[in-house]
Amino acid sequence: MDSFIDSIRRLSQTCGIVAALLIAAAVVVVCEMVVIRYFLRASTVWQTEFVTYSLIGATFIGSPYVALIRGHVNVELLPVYLGGRARLALGLFCAAAAFGLSVVLAWTGFGLLAEAWVGGWRTDTIWALPLWIPYLALPVGMALMALQYAAEILCLATGRSQPFGLSEDRD
Amino acid sequence: MSALAIGGIVGIVTLALLATGIPVAFGLALVSIGFLLYFEGTSSLSILAETFFGSLNDFTLVSIPMFILMGAAVASSPAGKDLYAALDRWLHRVPGGLIISNLGACAVFAALSGSSPATCAAIGKMGIPEMRQRGYPAGLATGAIAAGGTLGILIPPSITMIVYGVATETSIGRLFIAGLVPGLMLTALFMAWSLYIAWRKGYSLLDRATTYTLRDRLVILPKVLPFLAIIAGILYVLYGGLATPSEAAGVGALFCILLVAVIYRIRDLHTISQILRDSMRESVMILMIIGASALFSYMLSSLFVTQSVAGWIAGLDVNRWVVMAMINVFLLVAGFFLPPVAVILMTAPILLPIVEQAGFDPYWFAVVFTINMEIGLITPPVGLNLYVINGISPDVSLPTILKGALPFMLCMVLGIVLLCLIPGIATWLPTLLMGPAL
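Everything numeric here is computed off the predicted structure, so don't read it as measured data.

Time to look at the overall build of chain A. A count of helical and extended segments in chain A gives five helices and zero strands. For chain A, the succession of helices and strands along the chain, N to C, is α-α-α-α-α. Relative to its length of 171 residues, chain A is extended, with a C-alpha radius of gyration of 20 Å against a globular reference of 16 Å. Here the C-alpha coordinates of chain A stretch approximately 65 × 40 × 30 Å along the principal axes. Residues counted as buried form 46% of the 171 residues belonging to chain A. If you take every contact in chain A between residues at least 6 apart in sequence, the share linking residues at least 24 apart comes to 72%. Carbon and sulfur atoms provide 67% of the accessible area of chain A, an area that totals close to 8,200 Å². Across chain A, the mean location of the 10 positive side-chain charges is 3 Å away from that of the 11 negative side-chain charges.

Right, let's get into the nonpolar core. With 207 residues, the main nonpolar core has F60 of chain A together with F365 and F369 of chain B as its most contacted residues. No other element matches the 15 residues that helix α14 (residues 269-302) of chain B contributes to this core. In this structure, F365 of chain B is in contact with Y164, M324, I327, L331, L351, L352 and V355 of chain B, ignoring residues within four places of it in sequence.

Scanning the model with the defined rule gives 10 salt bridges over all chains in all. The partner of D88 of chain B in a salt bridge is R134 of chain B, and the shortest N-O contact between them spans 3.7 Å. Pair noted here: D88 of chain B is in helix α5 (residues 79-91) and R134 of chain B is in the loop between α7 (116-133) and α8 (138-150), with a separation of 46 residues, a long-range link. A relative accessible area of 27% places R134 of chain B in the partly exposed class. Residues joined in a network through salt bridges with shared partners are D6, R9 and R10 of chain A.

For the rest of this paragraph, the subject is the interface of chain B and chain A. Taken together, the contact between chain B and chain A spans 48 residues of the former and 53 residues of the latter. Per-residue buried area on chain B facing chain A is highest for F26, F53 and M280 of chain B; these three make up 16% of the total on that side. With a closest N to O distance of 2.9 Å, E247 of chain B and R37 of chain A form a salt bridge. Where chain B packs against chain A, one counts six residue pairs in polar contact (both at pLDDT 80 or more). Of all the secondary-structure elements, those providing two or more residues to the side of chain B that touches chain A are α1 (3-19), α2 (24-40), α3 (48-56), α4 (63-75), α13 (245-263) and α14 of chain B. A per-class count over the side of chain B that touches chain A returns 36 nonpolar, seven polar and five charged.

What follows deals with the confidence of the model for chain A. Mean pLDDT over chain A: 91, with 98% of residues reaching 70 or higher. Taken element by element, the predicted model of chain A shows its lowest mean pLDDT in helix α3 (residues 77-81) of chain A (86) and its highest in helix α5 (residues 132-157) of chain A (96).

It is worth spelling out unusual backbone geometry at this point. All names here are of chain B. A cis amide bond, omega -10°, links P156 with the succeeding residue P157. Here the phi dihedral of E169 falls at roughly 55°; this positive angle occurs in a residue that is not glycine. When you line up the elements, E169 lands in the loop between α9 (159-168) and α10 (172-200). Among the residues examined, E169 registers a relative accessible area of 75% and is labelled exposed. Backbone geometry at R265 places phi at a positive 55°, although glycine is not the residue there.

A few words on empty space enclosed by the protein. For the structure shown, the criterion picks out four cavities of 30 Å³ or more. Taken as a whole, the largest cavity spans an internal volume of roughly 50 Å³. Lining the largest cavity, in full, are T52, L55 and I56 of chain A together with L56, D58, L61, V62 and L287 of chain B. Per-element tally for the lining of the largest cavity: the top contributor is helix α2 (residues 47-68) of chain A, with three residues. Its residues assigned to classes, the lining of the largest cavity comprises six nonpolar, one polar and one charged.

The subject of this paragraph is the confidence of the model for chain B. Across chain B, the average pLDDT comes to 89, with 99% of residues at or above 70. For this predicted complex, the interface confidence comes out at an ipTM of 0.94, alongside a pTM of 0.90.

Residues and elements named next belong to chain B. Enumeration over the complete set of coordinates arrives at 21 aromatic pairs over all chains. Pairing F67 with F176 gives two aromatic rings, centres 5.9 Å apart and planes at 65°, and the pair type is edge-to-face. Pair noted here: F67 is in helix α4 and F176 is in helix α10, with a separation of 109 residues, a long-range link. Summarising the burial analysis for this pair, F67 and F176 share the class buried.

Residues and elements named next belong to chain B. The grouping of L4, W312, L316, V318, V322 and M326 at the surface amounts to a nonpolar patch, some 490 Å² of accessible area in total. Considering the arrangement of structural elements, one finds V322 in helix α16 (residues 320-337). With a relative accessible area of 38%, V322 lands in the partly exposed category.

Residue and element names in this part refer to chain B. Residue placement: N319 occurs in the loop between α15 (305-315) and α16. Overall, the relative accessible area of 45% leaves N319 in the partly exposed class. As for N319 and R267, which are separated by 52 residues in sequence, their C-alpha atoms are 58 Å apart. Polar side-chain contacts of N319 include one of 2.6 Å to the backbone nitrogen of W321.

Parameters at a glance
- Residues numbered from 1 in each chain as written.
- Chains lettered and ligands numbered in written order.
- Predicted model: local features only at pLDDT ≥ 70, side-chain atom pairs only at ≥ 80, totals over all residues.
- Heavy atoms only, no water.
- Helix = DSSP H or I, 4+ residues; strand = E, 2+ residues; numbered from the N terminus.
- Rg over C-alpha atoms; globule rule 2.2 N^0.38 Å.
- Buried < 20%, exposed > 50% of the residue type's maximum accessible area, 1.4 Å probe, protein only.
- Contact = heavy atoms within 4.5 Å.
- Areas by Shrake-Rupley, 256 points an atom, 1.4 Å probe, with all protein chains shown as cover.
- Lys, Arg positive; Asp, Glu negative; His and termini not counted.
- Charge placed at Lys NZ, Arg CZ, Asp CG, Glu CD.
- Core = buried A, V, L, I, M, F, W, Y, C linked by side-chain atoms within 4.5 Å.
- Salt bridge = Lys/Arg side-chain N within 4 Å of Asp/Glu carboxyl O.
- Buried area = accessible area lost by both parts, 1.4 Å probe.
- Polar contact = N/O pair within 3.5 Å; in protein donor to acceptor, adjacent residues only side chain to side chain.
- Nonpolar A, V, L, I, M, F, W, Y, C, P; charged D, E, K, R; others polar.
- pLDDT = per-residue confidence, 0-100.
- 1 Å grid on protein atoms, 1.4 Å probe; cavity = no way out; pocket = protein on both sides within 12 Å on 5 of 7 lines; lining within 4 Å.
- Points joined across faces, edges and corners; volume = space filled by probe spheres on them.
- Phe/Tyr/Trp six-rings, centres within 6.5 Å; stacked < 30°, edge-to-face > 60°.
- Patch = residues over 30% accessible without salt bridge, like charges linked within 9 Å, V, L, I, M, F, W, Y side chains within 5 Å.

Listed below in structure tokens is the structure:
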């Protein structure tokens, strides 16, 4: 089981790197766009869409990594107040709910992807990017997030990690 | 069941679910999906992916990761320390110069970083020990920095304001300009209170022990002025309508990274990847909440909750200031428990029609909204800034910090009252620079 959990963790970390690179690419392209538009007085074709889709990609692909490092902001009042088994139960509930949501979003995202692929949808700009490319990020990111939460449930159930990442001494 | 009753149940279920400690984004999405499934059946699931994706498919949102990156780059450098040192060297002859330097540095750093906790950490690390060393009580020193840090979400450029702009479809450039004067007003109120306390309790307002030569004062300027130029540049570009917020933010981020690399020689791959990773984490967290809250507001409006709440409030036939007072109390309580971004995204689409119907300016309301959120940052149980300050000065207890922050909280309430009495504090500058709001 350790090797399963470990490989999921590596997968999520890889997601984090991909998302960070997408954001870096977005910064570079925004600046290039500013130079073209305001200094060379030319019009831009693909930059606006590229930047927007990079960030959507970063959001969905980065989400499993942010889940891994518990970066999705939450209200920890009750978990901190409750200790022991109640906290564990809450932790399991939250991980299971997040898992369920990820599955639903991955599934509906896959439906959207399939529609765009079959219908040959493209963006309505001169660039005419095939829409399945940006849509791909949603099912992939959410499926990986489902895996991350599956690993989290396993870790909680076997005592490998503490619910909400809270150490016992904060009780 | 009436739409109003459904609205009440949605509210209770949402709060109960968020209380379990589930990430805010997922809680909102789950509530939305649950209610849509219950009232509209499985066919409603088909719009999920498109709504989620569509809500993020907006070039304006690009400004969020860009401003976060700008702040992360500045926060990774000792710029906060230098900012404080520069103000201290220039102002230490002024009575109470130390307090003015600290709060002033908070205001400027807040503008640069757009983040409250980052401001507290950057200025507090240096400022709190310095103030205590000169005899100021721990409560005043820590409270002032905790409050000064909250300015980050009001003084432009502010992520919170961008999120408000996205949620309410208002002009981000105008929101930024609207936050400027109230931000300076709050800074001045914080300073006035600190100086009053220091004077009344007889703490020495003048530091005669240290002297700085003109050379000392000049030598630090090249480190600080470029950052100030970036803020000024961004505001100039935005209010002049020369570029979109996303473009201004992208160029600002690149400049800040370059400045940090040139001035502070932060060039190693490890630090740069750290900056990128931190910005990615913060952006993903916010953008996921934005996506989920799009589902949430879609659910609310397709179940007619949004419309009936607005209709109900309009039908109450009470004075508009009573409505505003109720909204303020509601926001204040919400801010005690939830992060500002979540409160704005969840409530702004419902509140804005009510506020506009009552004849209030949406940009003025953005400022009042944000100050309410600032109060939440220094009040328990979630008050993020209190914990950051506790982290950097572990020998000061949380209750002491809280007691120190309390008067500043009242300053913010006073700020809201002043804004209600003189709405021009928020609306004058945007009207002067950009013409009347449409």
